[in-house]
Amino acid sequence: MALSVGIVGLPNVGKSTLFNALSSKQAEAANYAFCTIEPNVGVVPVPDTRFDALVKVVGPDKTVPATVDFVDIAGLVRGASKGEGKGNAFLANIRECDAIAEVVRCFEDDNVLHVENKVDPIADIDTIETELALKDLDTVQKRLDKARRASKGNDPKEKKAVEILEQVEKVLDQGGLARSVTTDDEDKQNIVRDLALLTNKPLFYVCNVKEEQLAKADSDPMVNRVRERAKKSGAPVVVICAKIEAEIMQLPVEERADFLESAGLTEPGLNAVIRTGYAMLELITYFTAGKQEVRSWTIKRGTKAPQAAGKIHTDFEKGFIKAEVIWWEDRVNLLTEAACRAAGKMAMEGKEYVVRDGDVMHFRFNV
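Residues numbered from 1 in each chain as written. Predicted model: local features only at pLDDT ≥ 70, side-chain atom pairs only at ≥ 80, totals over all residues. Heavy atoms only, no water.

1. A few points about the nonpolar core
No. 1: In terms of nonpolar packing, the biggest core is built from 60 residues, with Leu18, Leu22 and Phe70 touching the most fellow members.
No. 2: Contacts of leucine 18, omitting those with residues within four sequence positions, involve Ile7, Val103, Val206, Ile240, Ala242 and Leu270.
No. 3: Judged by nonpolar contacts, the second largest core, of 17 residues, contains Leu144, Ala161, Leu165 and Leu195. (Core = buried A, V, L, I, M, F, W, Y, C linked by side-chain atoms within 4.5 Å. Buried < 20%, exposed > 50% of the residue type's maximum accessible area, 1.4 Å probe, protein only. Contact = heavy atoms within 4.5 Å.)

Here it is, written out as structure tokens:
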């Protein structure tokens, strides 16, 4: 399961600089609007100390970590929902993503242009989310018109569509977000899900600050304004200095630790961005670990053992018999599978077993 996170924001807030650091690709990051026209995509490994520990103990021939696809989407501007700037193309690119990382400029710099000619993170958020909501409103109204016509023939599904879409339309028309409309009716959930609404996607904020702001990020006025805004929707907030992150990625690996220490950081801020993106869709990781390969497998939280096995191969799910399960810490501390088995740390689990985040698994199957 590949998670795709769209990096969005106004022009010149640090989106492409962040993307360059995330993917080590050199997406152009120039000081003018629309320098990134086509979305750049970077496949980024998810930082995971559990995976690293398993690799160290097992010493495999091959390693395959979990990954997140980050998409650098060109800057939105006011009027994007009506096609201003490159609005239609940009919004279509966002629609294809599973989650949204909204980069917000939280620093003053006369040398970096701001498309609105002022630095106001909340105004920037309002601009972006208003454009997303307006585009969604247009999408919902078109589907609602179709549902109203079809419901006259007493189509039960279309009657439900009218009910739920009228609720969503009202919320969007009042400046709200589609994700705030909830229902226990699975049919209604599917109707909204099928529209792939922009404001129904999981979202988190990335506050881009200057280096000198990092040490006092907990009390920074601009960052705290974003945090207060994020509380209303329960959205996570990550604080980074995109410029520093880009500099870190340009250094040889052996020099990065010293650079981080000099900047007062324990790890790159990118790690928090990646982990937050990975967690947005309730994803977890289980591992397979052998001399040939140590691999991370991405599944939805709550997945049972046969379906987890199916991530490796459909035959594993069809012919599932049992799963041998070791907790990752036991596998690392006891060094070998044999030692885990001897210590009673290997469990045999059946079809109803719900996989934990961090299980090391081996599947028995027969087809």
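2. What to know about the packing of aromatic side chains
No. 1: Summed over all chains, the structure comprises four aromatic pairs.
No. 2: Ring plane angle 90° and centroid distance 5.9 Å describe the contact between tyrosine 286 and phenylalanine 363, whose orientation is recorded as edge-to-face. Placement of tyrosine 286 in strand S8 (residues 283–289) and of phenylalanine 363 in strand S12 (residues 359–365) is noted, with a sequence separation of 77 residues between them. With respect to burial, tyrosine 286 and phenylalanine 363 carry one shared label: buried.
No. 3: Of the aromatic side chains, those joined through ring pairs into one cluster are Tyr286, Trp297, Phe320 and Phe363.
No. 4: Stacked on the ring of phenylalanine 107, the Lys or Arg arginine 105 has its end atom at 4.6 Å from the ring centre. (Phe/Tyr/Trp six-rings, centres within 6.5 Å; stacked < 30°, edge-to-face > 60°. Helix = DSSP H or I, 4+ residues; strand = E, 2+ residues; numbered from the N terminus. Lys NZ or Arg CZ within 6 Å of the ring centre and 35° of its normal.)

3. A short note on a negative patch on the surface
No. 1: A surface patch of like charges, here negative, comprises Glu254, Glu255, Asp258 and Glu261.
No. 2: Assessed through its relative accessible area of 64%, glutamate 254 is described here as exposed. (Patch = residues over 30% accessible without salt bridge, like charges linked within 9 Å, V, L, I, M, F, W, Y side chains within 5 Å. Areas by Shrake-Rupley, 256 points an atom, 1.4 Å probe, with all protein chains shown as cover. Salt bridge = Lys/Arg side-chain N within 4 Å of Asp/Glu carboxyl O. Lys, Arg positive; Asp, Glu negative; His and termini not counted. Charge placed at Lys NZ, Arg CZ, Asp CG, Glu CD.)

4. A look at the side chain of glutamate 169
No. 1: Assignment of secondary structure puts glutamate 169 in helix H5 (residues 156–173).
No. 2: In this structure glutamate 169 is buried but unpaired, with arginine 148 as the nearest side chain of opposite charge at 4.1 Å.
No. 3: Here the side chain of glutamate 169 touches glutamine 141 through a polar contact of 3.3 Å, side chain to side chain.
No. 4: Contact partners of glutamate 169, with chain neighbours within four places excluded, come to Leu137, Val140, Gln141, Leu144 and Arg148. (Polar contact = N/O pair within 3.5 Å; in protein donor to acceptor, adjacent residues only side chain to side chain.)

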